[in-house]
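Coordinates in review
What follows is each chain in one-letter form.
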Protein chains: 2
Amino acid sequence: MVNAGDMNGSGNLMDFLDEPFPDVGTYEDFHTIDWLREKSRDTDRHRKITSKSKESIWEFIKSLLDAWSGWVVMLLIGLLAGTLAGVIDLAVDWMTDLKEGVCLPAFWYSHEQCCWTSNETTFEDRDKCPQWQKWSELLVSQSEGASAYILNYFLYIMWALCFAFLAVSLVRVFAPYACGSGIPEIKTILSGFIIRGYLGKWTLLIKTVTLVLVVSSGLSLGKEGPLVHVACCCGNFFSSLFSKYSKNEGKRREVLSAAAAAGVSVAFGAPIGGVLFSLEEVSYYFPLKTLWRSFFAALVAAFTLRSINPFGNSRLVLFYVEYHTPWYMAELFPFILLGVFGGLWGTLFIRCNIAWCRRRKTTRLGKYPVLEVIVITAITAIIAYPNPYTRRSTSELISELFNDCGALESSQLCDYINDPNMTRPVDDIPDRPAGPGVYTAMWQLALALVFKIVVTIFTFGMKIPSGLFIPSMAVGAMAGRMVGIGVEQLAYHHHDWIIFRNWCRPGADCVTPGLYAMVGAAACLGGVTRMTVSLVVIMFELTGGLEYIVPLMAAAVTSKWVADAFGKEGIYEAHIHLNGYPFLDVKDEFTHRTLATDVMRPRRGEAPLSVLTQDSMTVEDVETLIKETDYNGFPVVVSKDSERLIGFAQRRELILAIKNARQRQDGVVSNSIVYFTEDPPELPPNSPHPLKLRRILNLSPFTVTDHTPMETVVDIFRKLGLRQCLVTRSGRLLGIITKKDVLRHMAQMANQDPESIMFN
Amino acid sequence: MVNAGDMNGSGNLMDFLDEPFPDVGTYEDFHTIDWLREKSRDTDRHRKITSKSKESIWEFIKSLLDAWSGWVVMLLIGLLAGTLAGVIDLAVDWMTDLKEGVCLPAFWYSHEQCCWTSNETTFEDRDKCPQWQKWSELLVSQSEGASAYILNYFLYIMWALCFAFLAVSLVRVFAPYACGSGIPEIKTILSGFIIRGYLGKWTLLIKTVTLVLVVSSGLSLGKEGPLVHVACCCGNFFSSLFSKYSKNEGKRREVLSAAAAAGVSVAFGAPIGGVLFSLEEVSYYFPLKTLWRSFFAALVAAFTLRSINPFGNSRLVLFYVEYHTPWYMAELFPFILLGVFGGLWGTLFIRCNIAWCRRRKTTRLGKYPVLEVIVITAITAIIAYPNPYTRRSTSELISELFNDCGALESSQLCDYINDPNMTRPVDDIPDRPAGPGVYTAMWQLALALVFKIVVTIFTFGMKIPSGLFIPSMAVGAMAGRMVGIGVEQLAYHHHDWIIFRNWCRPGADCVTPGLYAMVGAAACLGGVTRMTVSLVVIMFELTGGLEYIVPLMAAAVTSKWVADAFGKEGIYEAHIHLNGYPFLDVKDEFTHRTLATDVMRPRRGEAPLSVLTQDSMTVEDVETLIKETDYNGFPVVVSKDSERLIGFAQRRELILAIKNARQRQDGVVSNSIVYFTEDPPELPPNSPHPLKLRRILNLSPFTVTDHTPMETVVDIFRKLGLRQCLVTRSGRLLGIITKKDVLRHMAQMANQDPESIMFN
C-alpha cells in the first residue's frame, strides 16, 4: 500500500503542476496585491536571469538589457511626460485665447505668439497688435462699445460650453476613468490595489485631450493633478513593454512612483519637489533605487519640457519669480495669518467638497454628469467674464499675483503713484502710495476670491479631469496679494509705527506684495493637500532661493496645524475614504489598545474558519468549499483536530490548478484526494489518483499570535504590504486577519462606518 | 490544591511584578535594539498621556508640551549645530592663518579680517596689508628671501605638528570616540545599535575642539563628516532632556536622523541636500514625520550659520559659485570621463584605505596612534608648503578651483592672455589663450593631485576627527579643472574641429573650467561615498540652478557605476564591515535561495534550543540556564515535548525580574516554580510560592516558518527592525534566527568571513 502511494507520488503525472500554468500570480480587478509575494517572485526571476547569463554571451547581453530596462523606462517616461506637458501647455494657451479672438495670419498662434511675430508692436503694447482680432472685430468690425462687449461675452460663454461639453462627452464615452485629478486613485494603486484600465492607453489619450479642453473652458480647475495621472499612464504604458515590470505588480508600482515624480516635475517645473511629492504624498513602497530613478525621470521630463519651451521664457512654469528685497522678521505675523487662512480654507474646502460629492454619489444628481458640467461651466463663464482677474486663465492670474512690480510692469496691480524725482535703479523701487488702479484691483480681487472659493468646491469631483493645485494656489495668491498690498500701504503711510520703524524707513522697498501672494498660495495648497516638505521645496524651486523658505515654511506649518485641528484628512485621503478604497495610510497612527484576537475572523460565536487539510480532502470537498465561500484563500492545516498550520493556498490558484488538473491530468476525478504534503498520503487500494497541490501552497504564510497588539499588526501590514495574516495561539490556528479587516477595524476605532471600506 | 494555587495567584504578592522595576526596557552596550518593541512602548506612553490629558488642565498642558517637544528639540539642535559650525569655521580660519603669520593690531583676526579692517589696501591687493605680518617679518623683519622662506616653512611645520599633537592627545585622553568621521558608527547606531558614549557630551566637546585643530594643521581631511557627528551629539544631548526621547531608543534615533540632516546642512549650506543625505545615506527608519522635522532642523541650522556669517559673504559655504555660460552637449564626453575618473578614484581609495586600516588594526602600527599622526602631519606639512595649491586650506583650494575666471580674478589659474581690444561686459569673457601662469598652475595642480591622492589614503582612519568629503572633492576638483583648462585651450586653438564648430566660435565663452572642477568634485565624492541623489542636490544647492544638474548627474551616475563594478561597498559600509558592526544595509539585495531553516540555530546536529517551559521550571533551573548560556533571550514553550511556542523572554529582564523578586518578594526561593501563564500551575501542597513572570513575557514573538525564503526573512528584519525571530514548523518551535545570524549568513553568501560580524 505504501508502495502504491509511493509509485503514485513518483510518477511524472504527479509533478505536472510543477510547470506553471497560465494566469498564475495575477490578481483580479479591485483586489489587493501581496507585496512580499511580488517581491519574492521578482527575486526568483532575477536569480533565473543571473544563472542563465553565465551560459552564453547572448544570455549575458539579455541580462544586461534586463538590468538596464529600468533606466530605459525612466528615460521614456521622462520624454513622453515632458512632451505631453509641453503640448498641453501650448494647446491650452491657444484654446484659451481662442475664446476671445483669433490670429488672422495664422489661426494656430495664440495671442502672445501672434503679436510676437508682428513687427508693429512696441514693448509697452505687447498685447495689442492688428494681426490679433477679437471675435467682435472679425464678425461685426467693432472692437469697442456695448454690442461688441456683449458679442465677445456671448462667444466666450459659447466656446467655454462647447469645450466643456466635448470634454465631458469624451470622458463618458471613451474613458470614464479619465475624470477627476486621479491622485486619490493613484495613491490607492501605488499602495497595492488593482484598478484595471485606470492607467490604460485610452485613459492617457482621453485625459490629455480633455484636460486641454476643460482648462481652456475656463473652469476653476488646474492641470497639475491630472498631469500626474497622465505621467502615471505613460509609466504604465512603458512598463507594459518590459516583462520585468508588466508581469510583476510590485515592480510596476516602482515605475509608477517615478512617473508620479515626473508628473509633478513638469507640472511645477520642480524636479526635486516632484521626487519629494512622490515620496511624501503618493508613494507607498519607495526604496532608494526608486528615489534615484524618480529623480532621473523627473529631470528628463523637466528638460524635455524646457526644450519645448511652451512659455517662451525658457522657464518650466508660467509663474517663475525672482524677488529683489529680503523679508523682515515682523512680516512673519502676516505670513502666519495667511497660514491660518490657508488652513481654514483647506478645512472648508474639504468639508464642503466631500459633502457635495457624497450628495452627488447618493442622490439623483449623479445621474446627470453632462448637465452638471454644462451648468457649472455656464455659471463660471457668466460670472468670470466681467472680472479681469477671473476671465484670464488661472495660471496667468497666479503669475501676475506673484510678480513683483517692476518699473516696466503695466498691470493694474502695479498702478502706484510714482515719485517724479525717482532716480533709483529699475529693480529697487521704494514703496509708493497706491493709485486708483490698485484700489480697483483690490475690489475685483476680493470678488474673484469669493467666486473662486465657491465655484471650486462645486467643480472638483465633476466627471471631467480636474486638478485643484491651481485653484487652491489662486485662492491663496489672491488673499495673499491683498494682505501684501495692505501691509505695504500701512507701512508706507505709517513709517513711524513701532513695528515699521526699524526696517521700513521712507524711500525703502520693504514690502513685496508678490511674496505675500506666494506665501498665501503655499498656505492654501498646504491646507488642502497637507503636503509639507514637498510643498516648500516646490515653492523653493519656483523662487530659486533659500531666502524665502522661512516665510513659506511658517505659512505651510501653520496651515497644516490649523487644518489638522479640524480633521486629519487631506483632500486626497478624504476622496479615498469617500470611494471606499482599501488604503492603509502610512501617516495615520494607530494608537488603540486592541489585540489581534479582537480583529480576526471568525469572531467569537461565528462559524469556524474554513480551512483545507493537508491530505484528507477530496477534489469535490475543495470545490464545494470554494463555491460556498468567497474568501481569497484558505489556510491549510495538518488536520481539523490539531489545527496546526502548514501553509496558505490562494483561492484563485486553487481554482486554476483544479481546472487544469481535471482537463489535462489523467485520473483526477471528484473523489481524488487533494494533498499538500511532499509525499502522497497512504490510500486504500483502488482509490483514484490523488492530486498534488504543494506547488500552489505558500509554505511561509505570515502569522502573528492572538496577543499581538493591533498597532504591531497594522505596522506589519503597512511595512510588508501584506494581504492577509494568520492568527495563532501556541501553534494552533485561530483565525485570519485581512487588509480589509484591518481597515474596518481602524474605521471603527475612529468612529467611522466600517462598511465604508468596500473592496478587497 | 487548586484553591491553594488560586489563592496564591490572586494575592497582591503575585502581581508584584506588574509594577515596573528599574532598568526594564533598556539595552546593554554593543547590543541591538528591537524596533517593534520600542515603537509599542512609545505608543503605550502616548496612550497614557492622552488618557491622562482629559483629567485636568495641567495634564492637558503637559500633553501639549509633550507633543511639541519634538519641534523644540529640532529647534535646539538647529541652533546649536549652526552655532558650532559657525564657531568651527571662524576658528579654523584664524588658526589656519596663524600658521603663516599674525594680525598685529588684533591677534584674534584672521588674515582676511585683518586686511578688511585696514583702510590702506586697494581692491586688487586684498591679501596684502601692513597689519598682517608673516612670522618672518615679525621675528627677523624679513618678508622675502631664502632665510625668511625657510623660517616661515619651519614655523608652518611646527604649528601644524603642535595642532596635530594637541588634537590626537585630547582625543586619546578624553574621548576616544571622537576620532574618524563618525558616519559609519552613526549609520550603525541609527540602524539600532547601542554604543554608549559615542554621542556623549565629552565626545561633542572634544570633537569640536580637535576638529578645529586638525583642520588647521593642514592635514588632508575635511570637517564635513565630523560635523555630522557633532550635530548628532547635539541631537543626543537635547534628546536626553526630554523623557519622550531619552527613554526610548527608537524615538531617539528619529531625533538623530534629523540631527544628521542638520549636520550636512551646515557642512555644505544645503538644507535639502542634508535631508536627502540623511534619508539616503545614514538613516534606517525614516518616517514622514521625521522628514518634516529634519527639514526644520536643517533650515534652522542653516539660518543660524548664515546669521553668524563666518565667510563674510552671507553664503553658507566658502565655495558657492555662479556660472555665466551654459554647457553644451559635446561637453558631456569630458564630464563622463571625469565620472570614470571619480569611480576609479573611489575604488582605489576604498581598497587602499581599507587595506591600510586593516593593517593598522592587526599589526603593531595601531599601538602608536600619536606617533602616526605626528609623522603624517610632518610629511603633509613638509610636502604641502612649497606648493601654493596644497599650502592653503583645502576648502579655499576648492573654492578657487570652482570659480569662473572673472575680469577681476587675480588667481594664477586665471592668467590668460587678454585681448587688448576686448570691450565685453565683465561676466562674459570669451575664451582666451592660456598665459604662463596657467601652465605653471597646471603643473602644480598635477603634483598637488598626486600628493592629495596618496596622503588622503593614509590620513583617513587615524585617531583624529577626519572627514573625507573635502579631500575627495579636492581631488576631483583638481582633476576637473585640469581637464577643463585642457578642453578650453583645445577649443580655443581648434575652433574649426567638427566637435567645436557648432558651439564654440571664436570670441565666444564656451568652456567654463570651474564647472569641470565642480563636476569632477561630484564624481570623486560619489565614487567614494556612493551617494547619488543627495550628492546632486548638494551640488545643485551650491550652484543654485537647475542648469548644471545634467552634467553633475551624468558624472555622478558614471562614477557610481564604475565604482560599483569593482565593489558595491562605499567607504562607510567598508568601514562598518571592517569594524564588524551588525549593520543590515537597506541597499544590499539578498538574492540567494536559502531558507530560514538553513540559517536558524540550532543547526542540525547541534544541541537543542535552550527554552523555558511555561510552568514547570524552578527559579534555580532558570538561573542555571541563564548562567550556562549567553543568549539574549529564551523562547517559552508549553512543554519540552510539545514545543508549542507561547512567547519570548529577554535575558536581561529575566535576570532583573528574578533578582527583584528574590530581594523584595517573600517566599521566592530557588525551588519556587516559575510560571508564565495567567494562572499559577497546580502545585503539590507545601511547595514554595511560585513566581509569576508573565509580565516580562513577550506574548507576540515574531515567527516565520522554516520554509520561509531568507530573502523574506531579511526583508522582515530590515523593515520591522527585529532583533530575533523564531522559526516554527506546523506550530512547533524549531529554532531561532537573530540579526547576527542573518548578517553572518549574508557574509557567508557573499564569500566573506562570517566571523567578521562581531557584536550582538
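Computed from a predicted structure; not experimentally measured.

Moving on, we get to the overall build of chain A. Helix and strand counts for chain A stand at 29 helices and 12 strands. Taking the principal axes of its C-alpha atoms as reference, chain A extends roughly 115 × 60 × 55 Å. Sorting the 760 residues of chain A into buried and exposed places 60% on the buried side. Contacts spanning at least 24 positions in sequence make up 74% of the contacts within chain A whose residues lie at least 6 apart. Placing the 71 positive and 75 negative side-chain charges of chain A at their respective mean positions leaves the two points 5 Å apart.

Let us now look at the sheet that holds strand β3 (residues 612-613) of chain B. Strand pairing in a sheet takes place through backbone hydrogen bonds and is either antiparallel or parallel in direction. Residue and element names in this part refer to chain B. The sheet built from 4 strands is open, its strands ordered β3-β5-β6-β9 with mixed pairing. With one partner strand each, in any of the chains shown, β3 and β9 (697-698) form the two edges of the open sheet. Bridging between β3 and strand β5 (residues 633-637) involves 2 bridges; their strand directions are parallel. The residue bridging L612 from the neighbouring strand is V636, located in β5. Against the sheet, helix α27 (residues 651-664) engages β3, β5 and β6 (645-650), with an angle of about 75 degrees to β6.

This part is about the packing of aromatic side chains. Per the counting criterion, the structure on display carries 57 aromatic pairs over all chains. Between the aromatic rings of B:F277 and B:F469, the centroid separation amounts to 6.1 Å while the plane-to-plane angle is 75 degrees, which identifies the pairing as edge-to-face. Of this pair, B:F277 sits in helix α12 (residues 271-282) while B:F469 is found in helix α19 (residues 469-493), placing the two residues 192 residues apart along the sequence. Like B:F277, the residue B:F469 is buried in the burial classification. Summarising the aromatic geometry, the rings of B:Y631 and B:F634 are spaced 6.4 Å apart at their centres and angled 75 degrees between planes, so their arrangement reads as edge-to-face. Taking the relative accessible area as the measure of exposure, B:Y631 reaches 44% and is therefore partly exposed. Take B:F634: its relative accessible area is 0%, and that puts it in the buried class. Note that A:K739 overlies the ring of A:Y284, its terminal NZ or CZ placed 5.9 Å from the centroid. The aromatic ring of B:Y385 is capped on one face by B:R391, whose charged end is 4.0 Å from the ring centroid.

Contacts between the two partners involve 67 residues from chain B, matched on the other side by 67 residues from chain A. For the chain B and chain A pair, buried surface summed over both sides reaches about 6,100 Å², with 71% attributable to carbon and sulfur atoms. Taken together, the connections running from chain B to chain A amount to 4 salt bridges. By residue class, the composition of the side of chain B that touches chain A is 36 nonpolar, 15 polar and 16 charged.

Before going further, it helps to examine the state of the cysteines. All names here are of chain A. Inspection of the entire model under this criterion finds 2 disulfides over all chains. Disulfide pairing places C103 opposite C114 at an S-S distance of 2.0 Å. Classification of the bridge connecting C103 and C114 rests on its S-S torsion, roughly 80 degrees, and on that basis the disulfide is right-handed. Linking C103 in strand β1 (residues 101-103) with C114 in helix α4 (residues 111-117), this pair joins segments that are 11 residues apart in sequence.

Moving on to the side chain of B:E400. Residue and element names in this part refer to chain B. Summarising the element assignment, E400 is placed in helix α17 (residues 394-402). For E400, a relative accessible area of 15% gives the class buried. Every residue in contact with E400, bar those within four places of it in the chain, is listed here: Y389, R392, S411, L413 and R481.

Our focus in this paragraph is the relation of the copies chain B and chain A. Mapping chain B onto chain A calls for a screw motion: a turn of 180 degrees about the axis and a shift of 0.0 Å along it, with 0.1 Å RMSD after fitting. The relationship between the two copies is best expressed as a two-fold rotation axis. Nearest to the rotation axis, the C-alpha of B:G731 is located 1.9 Å from it, this being the minimum over chain B. By residue overlap, the copies meet face to face through one surface: 100% of the interface positions of chain B are interface positions in chain A.

Residue and element names in this part refer to chain A. Cis geometry marks the peptide bond from R601 to P602; its omega dihedral reads -10 degrees. In this fold, P602 is placed in the loop between α25 (596-599) and β3 (612-613). Located in the positive-phi region is F30, a residue other than glycine, with phi close to 60 degrees. Using a relative accessible area of 27% as the deciding quantity, one classes F30 as partly exposed.

Let us look at a nonpolar patch on the surface. Residues A:I57, A:W58, A:F60, A:I61, A:L64, A:L65, A:W68, A:V72 and B:W561 make up a contiguous nonpolar surface patch of about 930 Å² in total accessible area. Position of A:L64 among the secondary structure elements: in helix α3 (residues 57-98).

With that settled, the discussion passes to the pairing of β6(B). Residue and element names in this part refer to chain B. Counting buried positions over the 6 residues of β6 gives 6, a clear majority of the element. In this structure, β5 lies alongside β6, joined through 5 bridges in antiparallel fashion. When the bridges of β6 are listed, F634 appears paired with A649. Of the pairings in the sheet, the one linking β6 to β9 comprises 2 bridges and is antiparallel in character. Within the sheet, the bridge partner assigned to A649 lies in β9 and is L697.

Let us look at the packing of helix α14 (residues 332-362) of chain A against helix α24 (residues 571-579) of chain A. Residues and elements named next belong to chain A. One can describe the packing of α14 onto α24 by two numbers: an axis separation of 10 Å at closest approach and a directional angle of 20 degrees. The angle between the axes of α14 and α24 places the two elements in the roughly parallel class. Like other packed secondary-structure pairs, α14 and α24 cross with a definite hand, here right-handed. Listed contacts from α24 to F349, I350, N353, I354, C357, R358 and K361 of α14 are I571, A574, H575, L578 and N579. The class makeup of the residues in the contact of α14 with α24 is 7 nonpolar, 3 polar and 2 charged.

Attention now moves to the sheet that holds strand β7 (residues 673-675) of chain A. All names here are of chain A. A sheet is described by the order of its strands in space; here 3 strands give the open sequence β4-β7-β8, paired in mixed fashion. The open sheet has two edge strands with one neighbour each: β4 (617-618) and β8 (691-692). By the bridge criterion, 2 bridges tie β4 to β7 in an arrangement that is antiparallel. Across the sheet, residue T618 finds its bridge partner in β7, namely I673.

In globular proteins that are soluble, nonpolar side chains generally tend to be buried together. Counting 332 residues, the largest nonpolar core has A:F295, A:F402, B:F295 and B:F402 as its most contacted members. If we skip the residues at most four places from it in the chain, A:F295 touches A:I272, A:V275, B:V533, B:V536, B:V537 and B:M553. With 55 residues, the next largest nonpolar core counts A:V599, A:F702, B:A596 and B:L722 among its residues.

All right, on to a positive patch on the surface then. Taken together, A:K48, A:K52, A:R695 and B:R593 make up a surface patch of like positive charges. Position of A:K52 among the secondary structure elements: in helix α2 (residues 35-53). For A:K52, a relative accessible area of 41% translates into the label partly exposed.

With that out of the way, let us pick up the side chain of A:S181. Following the sequence through the fold, A:S181 ends up in the loop between α6 (146-174) and α7 (183-190). When near neighbours in sequence (up to four residues on either side) are disregarded, A:S181 contacts A:K207, A:G225, A:P226, A:H229, A:F460, A:S466, A:G467 and A:Y572.

Right, let's talk about the UniProt feature "domain: CBS" (unreviewed entry) in chain A for a bit. Residue and element names in this part refer to chain A. The positions UniProt marks with the feature "domain: CBS" (unreviewed entry) are residues 600-664 and 697-755. For the annotated span residues 600-664, helix accounts for 37% and strand for 23% of the residues, and the straight-line distance between the end C-alpha atoms is 38 Å. Here residues 697-755 runs as 37% helix and 31% strand, with 31 Å between its end C-alpha atoms.

Right, let's get into the environment of A:L722. All names here are of chain A. Checked against the element boundaries, L722 lands in the loop between α28 (710-720) and β11 (724-729). On the basis of relative accessibility, which here comes to 4%, the residue L722 falls in the buried class. Every residue in contact with L722, bar those within four places of it in the chain, is listed here: D34, L36, F702, I716, F717 and K739.

Before going further, it helps to examine the pattern of salt bridges. When the charged atoms of two side chains with opposite charge come close together, those side chains can pair. On inspection of all chains with the given rule, the structure shows 56 salt bridges over all chains. One salt bridge in this structure joins A:E249 and A:R252, with 3.5 Å as the shortest N-O distance. Remark: A:R252 and A:E249 occur in helix α11 (residues 249-268); sequence separation between them is 3 residues, near one turn of the helix. A:R252 carries the same exposure label as A:E249, and that label is buried. Across the salt bridge formed by B:D66 and B:R45, the nearest N and O atoms sit 2.3 Å from each other.

Criteria and thresholds
- Numbering of residues starts from 1 in every chain and runs along the sequence as written.
- Starting at A for chains and at 1 for ligands, labels are handed out in the order in which the entities are written.
- Residues qualify for local features only when their pLDDT is at least 70, as the model is predicted, and side-chain atom pairs are given and counted only at 80 or more; totals for whole chains, interfaces and linings, by contrast, use all residues.
- The basis for the side-chain values is all heavy atoms of the structure; hydrogens and waters are excluded.
- A helix here means a DSSP run of H or I that spans at least four residues, while a strand means a run of E at least two residues long, and both kinds are numbered starting from the N terminus.
- Classification of residues uses two cut-offs on accessible area relative to the type maximum, computed with a 1.4 Å probe and protein chains only: under 20% is buried, over 50% is exposed, and between them is partly exposed.
- The contact rule is simple, with two residues in contact once any of their heavy atoms fall within 4.5 Å.
- Charge counting treats Lys and Arg as positive and Asp and Glu as negative, with His and both chain ends excluded.
- The location of each charge is read from NZ of Lys, CZ of Arg, CG of Asp or CD of Glu.
- By this definition, two strands are paired if DSSP reports at least two bridges between them.
- Working convention: axes come from line fits to C-alpha atoms, limited for helices to the stretch in contact. Angles between N-to-C directions cover 0 to 180 degrees.
- Put simply, two rings from Phe, Tyr or Trp (the six-membered ring, in Trp's case) pair if the centres are within 6.5 Å, and we call them stacked under 30 degrees between planes, edge-to-face over 60, tilted for the rest.
- Our definition puts a charge over a ring when NZ of Lys or CZ of Arg is within 6 Å of the ring centre and also within 35 degrees of the ring normal.
- Summed over both partners, the accessible surface that disappears when two parts come together, traced with a 1.4 Å probe, is what is meant by buried area.
- We define a salt bridge as a contact between a side-chain nitrogen of Lys or Arg and a carboxyl oxygen of Asp or Glu at a distance within 4 Å.
- Only Asp, Glu, Lys and Arg are considered charged, only Ala, Val, Leu, Ile, Met, Phe, Trp, Tyr, Cys and Pro nonpolar, and every remaining residue, Gly among them, polar.
- Pairs of cysteine sulfur atoms within 2.5 Å are what we label disulfides.
- A least-squares superposition brings the copies together, and it is based on the C-alpha atoms of residues with pLDDT no lower than 70 in both.
- Put simply, a patch holds well-exposed residues, over 30% relative accessible area, that have no salt bridge, with like charges counted together within 9 Å and Val, Leu, Ile, Met, Phe, Trp or Tyr side chains within 5 Å.
- Only the protein chains shown count as cover for residues, and all accessible areas are computed by the Shrake-Rupley method using a 1.4 Å probe.
- By definition in this entry, angles of less than 35 degrees are roughly parallel, angles greater than 145 are roughly antiparallel, angles of 65 to 115 are roughly perpendicular, and the rest are oblique.
- With the far helix as reference, a near helix turned anticlockwise by less than a right angle produces a left-handed crossing, and one turned clockwise produces a right-handed crossing.
- Buried Ala, Val, Leu, Ile, Met, Phe, Trp, Tyr and Cys residues that are joined via side-chain atoms within 4.5 Å together make up what is termed a nonpolar core.
- UniProt positions are given in the numbering used here, feature names are shortened, and annotations may be inferred rather than shown by experiment.

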